[in-house]
Amino acid sequence: MAATPQPVGILGTGSCLPAREVPNAEVAALAGVTPEWIEKKTQIRTRRYAAPEQATSDLAAEAGRNALEDAGVDAAQLDYLLVATSTPDSPQPPTAALVQDLLGARGAACFDLNAVCSGFVYALAVARGLLAAHPGARALVIGADVYSRILDVGDRRTAVLFADGAGAAVVGGVPDGRGVLGVGLHTRGDAHQLIRVPAGGSRLPASSATVAAGQHWFAMDGHAVSDFVLDEVPPAIDALLTGAGVERALVDHFVPHQPNGNLLDDLVAKSGLDGARTHRTLERYGNVGSACIPVALDEASRAGRIADGDLVLLAGFGGGMAIGTCLLRWSA
């Protein structure tokens, strides 16, 4: 008889937000809008930017260090280290290898995963698969991005939204009845042009021409992205809950990607999750890409807002266009 896979859940969380706080007044002046316009359109009041000497790996390592401490796990005990990012330190080596070196996680197999703002949920799903058949193994899953380095400060569609940060979770075996109950991963490659950084890869290698054309900046078709989220994410949540045999009313906590406050309000309503507690950080930190979900999860966990046995729904969505959903029963 085949062994039953061990339940896999979150053992500890951590986050890292840069020290530099950037209020709306600072980005508004460059984007040609007012601070009031930014807050009305996005609900964001301030955000954090990495210091000049900080890269994605630095934020990721600090978040990982905090998660390991919270879980009571030493870096040397890790079997896997996954970094979800769309803003790596460099095209290669993988940022996860740099994080491994910073943490001293010598025994961990390391790799990056890029599903843009869905990245943390995708990485959590991969870690679950790696650990389910290996009782006792542990993984560190990190979502980290430094978007301030790829923003056109004059583009009000993007410059007012995005910021820098990292969040992490130590993942491992949990008691029966706890941990990840189901995941859903979906990609709509036909919509890939909605969110993009055109240059810097093999299609358009870096050159003086691509830099002059501003093709290394992050670009987004905001209205089309909002339509995608409201059309595609609620059905993905429905499918996850149906597959897990869980009624919507039983969900205690909703931890979504944090793209824009108004869009988030609409998503909660359209998904029928008004009865769950939605954990938000965007008002203070902005959109920190793949770090949004683990940062919000870490804040909620450390504040004692999630109790043992609570049902927690994660939902990431972003470039690709990719959607990642995860339902877990919290293990405290």
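Note that this is a predicted model, so its numbers are computed, not measured. (Residues numbered from 1 in each chain as written. Predicted model: local features only at pLDDT ≥ 70, side-chain atom pairs only at ≥ 80, totals over all residues. Heavy atoms only, no water.)

A. Quick peek at the overall build of the protein chain. A count of helices and strands for the protein chain gives 10 helices and 14 strands. Viewed in the frame of its principal axes, the protein chain has a C-alpha envelope of about 60 × 45 × 35 Å. Across the 332 residues of the protein chain, 53% fall into the buried class. Intrachain contacts of the protein chain at a sequence separation of at least 6 include 76% that bridge at least 24 residues. For the protein chain, the exposed area adds up to about 13600 Å²; of that, 51% sits on carbon and sulfur atoms. Of the charged side chains in the protein chain, 25 are positive and 35 negative; the average position of the first set lies 2 Å away from that of the second. (Helix = DSSP H or I, 4+ residues; strand = E, 2+ residues; numbered from the N terminus. Buried < 20%, exposed > 50% of the residue type's maximum accessible area, 1.4 Å probe, protein only. Contact = heavy atoms within 4.5 Å. Areas by Shrake-Rupley, 256 points an atom, 1.4 Å probe, with all protein chains shown as cover. Lys, Arg positive; Asp, Glu negative; His and termini not counted. Charge placed at Lys NZ, Arg CZ, Asp CG, Glu CD.)

B. Structural context of the pairing of strand β3 (residues 46–49). Residue alternation in β3 divides its side chains into two sets, T46 and R48 and R47 and Y49, and both sets are buried. One ladder, built from 4 bridges, connects strand β2 (residues 20–23) with β3; its direction is antiparallel. By the bridge assignment for β3, V22 is matched with R47. (Pairing = 2+ DSSP bridges.)

C. Broad picture of the environment of Y285. Within the secondary structure, Y285 sits in helix α9 (residues 282–285). Sequence separation of Y285 and G243 is 42 residues, and the distance between their C-alpha atoms is 33 Å. Once residues lying within four places of it in the same chain are set aside, the contact partners of Y285 are L17, T46, R47, R48, A163, V295 and E299. Among the polar contacts made by the side chain of Y285, one reaches the side chain of E299 at a distance of 2.8 Å. (Polar contact = N/O pair within 3.5 Å; in protein donor to acceptor, adjacent residues only side chain to side chain.)

D. Structural view of the domain arrangement of the protein chain. The domain architecture assigned to the protein chain consists of domain 1 (8–176) and domain 2 (180–330). Averaged C-alpha coordinates put domain 1 and domain 2 at centres separated by 14 Å. With 49 residues of domain 1 at the contact, the number on the domain 2 side is 48 residues. Buried area between domain 1 and domain 2, summed over both chains or domains, comes out near 3800 Å², and the portion from carbon and sulfur atoms is 60%. Here domain 1 and domain 2 share 0 salt bridges between them. Mapped by element, the contributors of at least two residues to the side of domain 1 that touches domain 2 are β1 (8–16), α2 (35–42), β3, α3 (56–71), α5 (119–132), β6 (139–146) and β7 (164–173). Considering every element that reaches the side of domain 1 that touches domain 2, the biggest residue donor is α5, with 7 residues. Tallied by class, residues from the side of domain 1 that touches domain 2 come to 22 nonpolar, 15 polar and 12 charged. (Domains from an automatic or database assignment. Buried area = accessible area lost by both parts, 1.4 Å probe. Salt bridge = Lys/Arg side-chain N within 4 Å of Asp/Glu carboxyl O. Nonpolar A, V, L, I, M, F, W, Y, C, P; charged D, E, K, R; others polar.)

E. Looking closely at the UniProt feature "domain: Beta-ketoacyl-[acyl-carrier-protein] synthase III N-terminal" (unreviewed entry) in the protein chain. What UniProt calls "domain: Beta-ketoacyl-[acyl-carrier-protein] synthase III N-terminal" (unreviewed entry) maps, in this numbering, to residues 111–189. This span, residues 111–189, is 18% helix and 38% strand, and a straight line between its end C-alpha atoms measures 23 Å. (UniProt positions renumbered as here; feature names shortened; annotations may be inferred.)

F. Layout of helix α10 (residues 292–302). Across the 11 residues that make up α10, a large majority, 8, are buried. Along α10, the residues that are buried comprise C292, I293, P294, V295, A296, L297, D298 and A300. Of the residues trailing α10, G304 is marked for its positive phi of about 75°.

G. Seen up close, unusual backbone geometry. A cis amide bond links Q92 with the next residue in sequence, P93, at an omega value of 5°. Looking at where P93 falls in the secondary structure, it is placed in the loop between β4 (80–84) and α4 (95–103). In this chain, G320 is followed by M321 through a cis amide linkage whose omega measures -10°. When you line up the elements, M321 lands in the loop between β13 (311–318) and β14 (322–329). One non-glycine residue, Q43, lies in positive phi territory at about 70°.

H. Region of the structure containing the packing of helix α7 (residues 222–244) against helix α8 (residues 261–270). Here α7 crosses α8 at 25°, and the two axes come no closer than 10 Å. It follows that α7 is roughly parallel to α8 by the angle criterion. The handedness of the crossing between α7 and α8 comes out as right-handed. Side by side, α7 and α8 meet where S226, V229, L230, D231, V233 and P234 of the first sit next to L263, D266, L267 and K270 of the second. Grouping the constituent residues of the contact of α7 with α8 by class yields 6 nonpolar, 1 polar and 3 charged. (Axes fitted to C-alpha atoms, helices over the stretch in contact; angles between N-to-C directions. Parallel < 35°, antiparallel > 145°, perpendicular 65-115°, else oblique. Left-handed = near helix turned anticlockwise from the far one by under 90°.)

I. Quick peek at the side chain of T210. Locating T210 in the fold gives a position in helix α6 (residues 208–212). Beyond its immediate sequence surroundings of up to four residues, T210 is in contact with A199, L204, P205, Q215 and H216.

J. Representation of the pattern of salt bridges. Taken as a whole, this structure holds 14 salt bridges when the rule is applied. One salt bridge connects R188 with D190, and the closest N-O pair in it is separated by 2.7 Å. The network of salt bridges with common partners includes R188, D190 and E232.

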